[in-house]
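# Close look at the chain arrangement
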Amino acid sequence: MAKKTAGDIDVQVEPKFQCLKSITYVSLAKLQQGLSYEPHKHDDHEEVYYIIGGNGSIRIGDESAKFRDGDVIYIPKKKTHSIVNDGDKVVEFLAFGGLARTEK
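Reference entry: report on the structure contained in this document. (Residues numbered from 1 in each chain as written. Predicted model: local features only at pLDDT ≥ 70, side-chain atom pairs only at ≥ 80, totals over all residues. Heavy atoms only, no water.)

## Points about the nonpolar core
Rules: The set of buried Ala, Val, Leu, Ile, Met, Phe, Trp, Tyr and Cys residues whose side-chain atoms join them within 4.5 Å is what this entry labels a nonpolar core. Three labels apply to residues, based on accessible area from a 1.4 Å probe with only protein chains included: buried if under 20% of the type maximum, exposed if over 50%, partly exposed otherwise in between. For the purposes of this entry, the term helix denotes a DSSP run of H or I that reaches at least four residues, the term strand denotes a run of E that reaches at least two, and both are numbered from the N terminus. Every residue pair with non-hydrogen atoms within 4.5 Å of one another is taken to be in contact.
Judged by nonpolar contacts, the single largest core of 13 residues is most densely connected at Tyr49, Ile58, Phe67, Ile73, Ile75, Ile83 and Phe93. Only strand E1 (22–31), strand E3 (46–53), strand E4 (55–60), strand E6 (72–75) and strand E8 (91–99) provide two or more residues apiece to this core. Ranked by residues supplied to this core, first place goes to E8 with three residues. Beyond its immediate stretch of four places on either side in the chain, Phe67 contacts Ile51, Asn55, Gly56, Ser57, Ile58, Ile73, Ile83, Val84 and Val91.

## Describing the environment of Gln33
As a reminder, the rule being used: Pairing of N or O atoms within 3.5 Å defines a polar contact, subject to two protein rules: one partner must be a possible hydrogen donor and the other a possible acceptor, and residues neighboring in sequence count only if both atoms are side-chain atoms.
Relative to the assigned elements, Gln33 resides in the loop between E1 and strand E2 (36–40). Given the relative accessible area of 39%, Gln33 is considered partly exposed. Of note is the side chain of Gln33, whose polar atom sits 3.3 Å from the backbone oxygen of Asp88.

## Examining the pairing of strand E7 (residues 81–84)
Both faces of the sheet carry side chains from a regular strand, because those side chains alternate between them. We count it as follows: At least two bridges found by DSSP between two strands are what make those strands a pair.
Relative to E7, E2 runs antiparallel, the two sharing three bridges. By the bridge assignment, Tyr37 is partnered in E7 with Ile83. Of the pairings in the sheet, the one linking E4 to E7 comprises four bridges and is antiparallel in character. By the bridge assignment for E7, Arg59 is matched with Ser82.

## Focus on the pattern of salt bridges
Put simply, the test is: Throughout this description, the term salt bridge denotes a Lys or Arg side-chain nitrogen within 4 Å of a carboxyl oxygen of Asp or Glu.
A full pass over the atoms with the stated rule returns three salt bridges. Residue Glu92 is joined to Lys30 by a salt bridge in which the shortest nitrogen-to-oxygen separation is 3.9 Å. Taken together, the residues Glu92 in strand E8 and Lys30 in strand E1 connect sequence positions 62 residues apart. When the shortest N-O distance is used, the salt bridge between Lys66 and Asp86 registers 3.0 Å. Separated by 20 residues along the polypeptide, Lys66 in strand E5 (residues 63–68) and Asp86 in the loop between E7 and E8 bring together distant segments of the chain.

Right, here's the structure in full:
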């Protein structure tokens, strides 16, 4: 087991709520007003979006939701998703991609 540092948080999380076994990339994305990322999916990894600023809509599978700055959005692998900036300023977000955890 890895040695913990003073800043580590020790918390138990149910396996069904665990994600991102390892982070393989972090991208800073900016989406101008009225634009969108077309529906797509990732067969080999899952994603987590952290919304830095702006607001808009996201669709994951058959579900749609509004988002705003400070929101965290989980996107499972193999789920079709798209994001739309229907707000009045640029949407800025971090996209964390990584290998999915497998249940034991």
